[in-house]
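# Analysis of the macromolecular model
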Amino acid sequence: MALAEAEYSVPETATIVSERPDLDASEQAALTARIKTLLEEQDAVLVAHYYVDSSLQRIAEETGGCIADSLEMARFGKEHPASTLVVAGVRFMGETAKILSPEKRVLMPTLKAECSLDLGCPADAFRAFREQHPDRTAVVYSNTSVAVKALSDYVVTSSIAVPLIEWLRDQGQKVLWAPDRHLGDYIRRETGADMVLWDGSCVVHDEFRSRELEKLRKAHPAAAVLVHPESPRDVILQADVIGSTSQLIAAVKDRPESEFIVATDNRIFYKMQQAAPQKRLIEAPTGGHSATCRSCAHCPWMAMNDLTSLATTLEQGGAEIFVDEDERVKALTATQRMLDFAAAHRQRVLGDA
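Summarised in this report is the structure supplied together with it. (Residues numbered from 1 in each chain as written. Predicted model: local features only at pLDDT ≥ 70, side-chain atom pairs only at ≥ 80, totals over all residues. Heavy atoms only, no water.)

## Quick word on the state of the cysteines
What the rule picks out here adds up to zero disulfides. With no disulfide of its own, Cys115 lies 6.4 Å from the sulfur of Cys202, the closest cysteine sulfur. The buried category is assigned to Cys115, whose relative accessible area is 11%. (Disulfide = S-S within 2.5 Å. Buried < 20%, exposed > 50% of the residue type's maximum accessible area, 1.4 Å probe, protein only.)

## Remarks on the packing of aromatic side chains
Following the criterion strictly, the structure yields five aromatic pairs and no others. Through a chain of ring-to-ring contacts, three or more aromatic side chains come together here, namely Phe126, Phe129 and Trp198. (Phe/Tyr/Trp six-rings, centres within 6.5 Å; stacked < 30°, edge-to-face > 60°.)

## With respect to the packing of helix 5 (residues 91-100) against helix 16 (residues 325-344)
Closest axis-to-axis distance for the helix 5/helix 16 pair is 9 Å, and the angle between their directions is 90 degrees. Taken together, the axes of helix 5 and helix 16 are roughly perpendicular relative to one another. Of the residues in helix 16, those touching helix 5 at Lys98, Ile99 and Leu100 are Arg328, Ala331 and Leu332. Its residues assigned to classes, the contact of helix 5 with helix 16 comprises four nonpolar, no polar and two charged. (Axes fitted to C-alpha atoms, helices over the stretch in contact; angles between N-to-C directions. Helix = DSSP H or I, 4+ residues; strand = E, 2+ residues; numbered from the N terminus. Parallel < 35°, antiparallel > 145°, perpendicular 65-115°, else oblique. Contact = heavy atoms within 4.5 Å. Nonpolar A, V, L, I, M, F, W, Y, C, P; charged D, E, K, R; others polar.)

## Description of the sheet that holds strand 11 (residues 259-263)
The strand order across the open sheet formed by four strands is 10-9-11-12, and the pairing between neighbours is parallel. Every other strand in the sheet has two partners, leaving strand 10 (241-242) and strand 12 (280-283) as the edge strands with one partner each. Relative to strand 11, strand 9 (residues 224-227) is paired through four bridges, and the arrangement is parallel. Bridged to Val225 within strand 11 is Ile261. Against the sheet, helix 11 (residues 210-219) touches strand 9, strand 11 and strand 12, its axis set at about 170 degrees to strand 11. (Pairing = 2+ DSSP bridges.)

## As for the pairing of strand 3 (residues 84-88)
Burial analysis of strand 3 places five of its five residues in the buried class, the great majority of the element. The alternating pattern of strand 3 places Thr84, Val86 and Ala88 and Leu85 and Val87 on opposite faces, both of which are buried. Pairing of strand 1 (residues 44-49) with strand 3 involves five bridges; the strand directions are parallel. Note that in strand 3 the partner of Val47 across the bridge is Val87. The pairing of strand 3 with strand 4 (residues 105-107) spans three bridges and is parallel. By the bridge assignment for strand 4, Leu85 is matched with Val106. In this region the chain leaves strand 3, passes through helix 5 and returns to the parallel neighbour strand 4; the handedness of that crossover is right-handed. (Right-handed = clockwise from strand over helix to strand, strands pointing away.)

This is how it looks when you write it as structure tokens:
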């Protein structure tokens, strides 16, 4: 099951970027300074995802904020004393922050920043999916709405999904997985678990093409291939490292190769280059046989986060996240089960899209 892309709008990254205000260096510097002042005035901290523009990641660094995956963003916000969290990312990330910090004001640069995995798995359809498989334990990826999380038994990130589902398998449980089919297929192959998969995908990772990746590997035979498991199976099978955002950054830092072909959103290059400035990073190809590049290795919704939208939300306060309290509590319960599993099994929970 899945909501077809024809039923929701997928903007093109190139269009989003072309519509941004054209700021020169002095204007960018002035806007950045204004944002820093507004953060301080409003007792706010900026938490930014690895996939947003480097200008926002830099502000988060310089103001004591956080650059991370969505769960770590939310955990950082919960532990930080600021009364306002500003989440640069996509909507489900703002919701995740609100799940963990209901007493805080949670703002985003724009509420129009969605996620194809979230949009493709609406709560009503997922509820019906659960009802069709009442004997299965529902495990959902963190890239889902608070309403879908509230309907699940476990919320997982990509780094914890394999060991947790191995544990469920050993308990004799069958799994209902949503929403990313590629990640679900990878987990099923790694664990051998009995899994029924929702048919969703990420518009960025689904576009990586194996045939073109093979050509690129031949052109760079010494390069290591890093792949996020939201990618298609034939791309994953060519990987030297398969992992979450945090795990891929660590691989660039720790592995001996001087070149890396990277199959995930290219805005992660900002932190990768910081981790290993002497190493060369190459985008995995997204255009391929019978394919058109919609995302060009950068999420169109992530691209909606920019300096202007961030300044506007701090000045006007309109892009605020609200969640239903009953759904929040249920979603928190499913998330806490993952965290409890990680603590009990000494697993470090890192990384999602």
